[in-house]
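If you want the building blocks of each chain, they are given just below.
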Amino acid sequence: MNLNFGIAGTIVEKISGKRFDIYQHDNILQYLSIGESEVATFNPATIQTASNLGVIYVGQSGKWVE
């Protein structure tokens, strides 16, 4: 379903010559002041604590719950 985002990321990597997470940090997140350490990242290996992760919701009985 999200195939287009994978293709877009691959195009960014091909054109920039950088991995997608490094490109995003260097060219987008850093300028928004949210690219510091674990605040925002596209690389799960750089996350130091799980407390800042988004909540994962699941469907139960037709409703979305935490």
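Numbers given for residues are sequential positions, taken from 1 along each chain in its written order. Where totals are concerned, whole chains, interfaces and linings use all residues; where local detail is concerned, this predicted model gives features only for residues with pLDDT of at least 70, and gives and counts side-chain atom pairs only at 80 or more. For the side-chain quantities, the full set of heavy atoms in the structure was used; hydrogens and water were omitted.

**Regarding the overall build of the protein chain**
Now for step 1: The helix and strand labels rest on DSSP assignments: H or I over at least four residues marks a helix, E over at least two residues marks a strand, and numbering proceeds from the N terminus. Across its full length, the protein chain carries 2 helices and 2 strands.
Now for step 2: Along the chain direction, N to C, the helices and strands of the protein chain fall in the order α-α-β-β.
Now for step 3: Counting all 66 residues of the protein chain, 12% fall into the buried class.
Now for step 4: Every residue pair with non-hydrogen atoms within 4.5 Å of one another is taken to be in contact. For the protein chain, the share of sequence-separated contacts (at least 6 apart) that also reach a separation of at least 24 residues comes to 3%. Throughout, exposure labels follow a simple rule: accessible area from a 1.4 Å probe, protein chains only, divided by the maximum for the residue type, with under 20% read as buried, over 50% as exposed, and the rest as partly exposed.

**Remarks on the side chain of Asp-21**
Now for step 1: Following the sequence through the fold, Asp-21 ends up in helix H2 (residues 20–29).
Now for step 2: Whenever two N or O atoms come within 3.5 Å, that pair is a polar contact, provided that in protein one can donate a hydrogen and the other can accept it, and provided that, for residues adjacent in sequence, both atoms are side-chain atoms. Here the side chain of Asp-21 touches Arg-19 through a polar contact of 2.8 Å, side chain to side chain.
Now for step 3: In this structure Asp-21 touches Phe-42 and Asn-43, once residues within four positions along its chain are discounted.

**As for the pattern of salt bridges**
Two side chains carrying opposite charge are able to pair once their charged atoms lie near each other.
Now for step 1: Put simply, a salt bridge is a Lys or Arg side-chain nitrogen that is within 4 Å of an Asp or Glu carboxyl oxygen. Per the stated rule, a full pass over the model turns up 2 salt bridges.
Now for step 2: For Lys-18, the salt bridge goes to Asp-26, with nearest N and O atoms at 3.2 Å.
Now for step 3: For Asp-26, a relative accessible area of 26% corresponds to the partly exposed category.
Now for step 4: With its nearest N and O atoms 2.8 Å apart, the salt bridge here joins Asp-21 to Arg-19.
Now for step 5: Asp-21 sits in the buried class, given a relative accessible area of 15%.

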